[in-house]
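Fold and geometry: a report
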Amino acid sequence: MSYKYHQFQVVGRGLPTETDEQPKIYRMKLWATNEVRAKSKFWYYLRKLKKVKKSNGQMLAINEIFEKNPTTIKNYGIWLRYQSRTGYHNMYKEYRDTTLNGAIEQMYTEMASRHRVRHHCIQVIKTATIPAKLCKRESTKQFHNSKIKFPLVFKKVRPPTRKLKTTYKASRPNLFV
Amino acid sequence: MPFKRYVEIGRVALVNYGKDYGKLVVIVDVIDQNRALVDAPDMVRGQMNFKRLTLTDIKIDIKRVPNKKTLVAALEAADVKNKWESSSWGRKLIVQKKRASLNDFDRFKIMLAKIKKAGVVRQELSKLKKETTC
């Protein structure tokens, strides 16, 4: 499973000056497609929080964070702040996924489709793994059933490789299971 | 026409697209409307879209997300491999695989066998024809 968004831990601080020999070190966890973008995002957020820029700061470490248990399903809650056409809003969204990167990817695609918000207008405030009892959204809670059972209603059979795909077929497809 | 094959924990499915094409996997949990957590004895437990799965009639008795040992034991207990290979669907797939892996000499042998079989059938038919006309 290759994910578009990777989670990085970025650590940086302002450059030491005569007045401030040991400037405070700041660490951020953020999502980006690659390391370069992660570093850029780090300075973007840090500029908003502290009086420091990339030109008078230094990057100390950047590490990718990988999912600890990618074979278990978790409910992720994501708090985000996004810019719509008329202003800034906060949002809380829930996703069921095996990895946090997968949930973030779901979040970005869903925000783009439902609210027409592009990637650069979204700021992730907080993410958390939510235990099943505390989930708020019905669409995640409906899968919290140990005896879950549903039929697959519309089953379009695809050719097993894209090479075997043809534009015209001899007969109409059978869509039942 | 009610539905007979359901997506449920323990349902055996055939992978019909992608890297694991042709494998039998067990649905171990449902992530959301489109994806399931899927496991098989020879692969790491992972997620798969329902579009890549074709459900079979076989269902085994497991709890939600069993560990590998329990899963293999349940597969043995339900005798999934033999049930699959004796079902008409499973047999067809085995024949398809065999046909795809033939070399020229095998195809020659099959040609001779087909001719022989057709000869025997035609002899019996002519015998029956003679009985009815005379």
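In what follows, the accompanying structure is described. (Residues numbered from 1 in each chain as written. Chains lettered and ligands numbered in written order. Predicted model: local features only at pLDDT ≥ 70, side-chain atom pairs only at ≥ 80, totals over all residues. Heavy atoms only, no water.)

So, a nonpolar patch on the surface
All names here are of chain B. Taken together, the side chains of F105, F108, M111, L112 and I115 present a nonpolar region at the surface, about 510 Å² in accessible area. Structurally, the position occupied by F105 is in helix α4 (residues 104–133). Assessed through its relative accessible area of 53%, F105 is described here as exposed. (Patch = residues over 30% accessible without salt bridge, like charges linked within 9 Å, V, L, I, M, F, W, Y side chains within 5 Å. Areas by Shrake-Rupley, 256 points an atom, 1.4 Å probe, with all protein chains shown as cover. Salt bridge = Lys/Arg side-chain N within 4 Å of Asp/Glu carboxyl O. Helix = DSSP H or I, 4+ residues; strand = E, 2+ residues; numbered from the N terminus. Buried < 20%, exposed > 50% of the residue type's maximum accessible area, 1.4 Å probe, protein only.)

Topic: the pairing of strand β5 (residues 43–49) of chain B
Residues and elements named next belong to chain B. The buried fraction of β5 amounts to five of the seven residues, a majority that puts the element mostly inside the structure. In this sheet, β5 lies alongside strand β4 (residues 35–40) in antiparallel orientation, the contact comprising five bridges. Each residue of the ladder has a partner; that of R35, found in β5, is N49. (Pairing = 2+ DSSP bridges.)

Concerning the packing of aromatic side chains
Applying the stated rule across the entire model yields seven aromatic pairs over all chains. Positioned over the ring face of A:Y88 is A:R81, at 4.3 Å from the centre of the ring. Seen from the ring of B:Y17, A:R158 lies directly overhead, with NZ or CZ sitting 4.3 Å from the centre. (Phe/Tyr/Trp six-rings, centres within 6.5 Å; stacked < 30°, edge-to-face > 60°. Lys NZ or Arg CZ within 6 Å of the ring centre and 35° of its normal.)

Some points on the side chain of A:E110
Residues and elements named next belong to chain A. Of note, E110 is situated in helix α2 (residues 100–115). There is a polar contact of 3.3 Å between the side chain of E110 and the side chain of K93. At 2.6 Å, the side chain of E110 forms a polar contact with the side chain of R114. With near-sequence residues (within four places) excluded, E110 lies in contact with K93, Y95 and H115. (Polar contact = N/O pair within 3.5 Å; in protein donor to acceptor, adjacent residues only side chain to side chain. Contact = heavy atoms within 4.5 Å.)

Overview of unusual backbone geometry
Unusually for a residue other than glycine, A:R116 sits at a positive phi of about 60 degrees. Phi is positive for B:V65, which is not a glycine, with a value near 50 degrees. You can see B:V65 is positioned in the loop between β6 (53–59) and α1 (68–78). For B:V65, a relative accessible area of 25% translates into the label partly exposed.

Considerations on the sheet that holds β6(B)
Residues and elements named next belong to chain B. Here we have five strands laid out as an open sheet, ordered β5-β4-β3-β2-β6, and antiparallel in their pairing. Strands with a single pairing partner mark the edges of an open sheet, and in this sheet they are β5 and β6. Within the sheet, the average angular offset between the axes of one strand and its neighbour, ignoring direction, is 40 degrees. Here strand β3 (residues 24–30) pairs with β4 via four bridges, running antiparallel. Looking at the pairing, I27 lines up with V38 of β4. Sitting on the sheet, α1 is in contact with β3, β4 and β5, with an inclination near 75 degrees to β4. (Axes fitted to C-alpha atoms, helices over the stretch in contact; angles between N-to-C directions.)

Some points on α1(B)
Residues and elements named next belong to chain B. Restricting attention to buried positions, one finds in α1 the residues L71, A74, L75 and A78. The arc enclosing the buried residues of α1, seen along the axis, measures out at 100 degrees, which places them on a common side. Exposed residues lying more than 90 degrees from the buried face of α1 are K69, E76 and A77. Packed against the buried residues of α1 are β3, β4 and α2 (80–86). Positioned one or two residues after α1, D79 has a phi angle of 55 degrees, which is positive. (Arc of directions from axis to C-beta.)

Brief notes about the interface of chain B and chain A
Listed by partner, the interface residues are 28 residues for chain B and 25 residues for chain A. Buried area between chain B and chain A, summed over both chains or domains, comes out near 2500 Å², and the portion from carbon and sulfur atoms is 64%. Inspection of the chain B/chain A interface yields one salt bridge. Residue B:R35 is joined to A:D97 by a salt bridge in which the shortest nitrogen-to-oxygen separation is 3.3 Å. At the junction of chain B and chain A, the tally comes to nine residue pairs in polar contact (both at pLDDT 80 or more). Put simply, the parts of the chain that give the side of chain B that touches chain A at least two residues each are β1 (6–8), β3, β4, β5 and β6 of chain B. (Buried area = accessible area lost by both parts, 1.4 Å probe.)

Topic: the sheet that holds strand β1 (residues 6–14) of chain A
Residue and element names in this part refer to chain A. Pairing is antiparallel across the open sheet formed by three strands, whose spatial order is β2-β1-β3. Every other strand in the sheet has two partners, leaving β2 (25–32) and β3 (57–65) as the edge strands with one partner each. Across the sheet, the axes of successive neighbouring strands diverge by a mean angle of 25 degrees, strand direction being ignored. With eight bridges joining them, β1 and β2 adopt antiparallel strand pairing. In the strand pairing of β2, Q7 is matched with W31. Sheet contacts for helix α1 (residues 35–49): β1, β2 and β3; angle to β2, the most-contacted strand, approximately 125 degrees.

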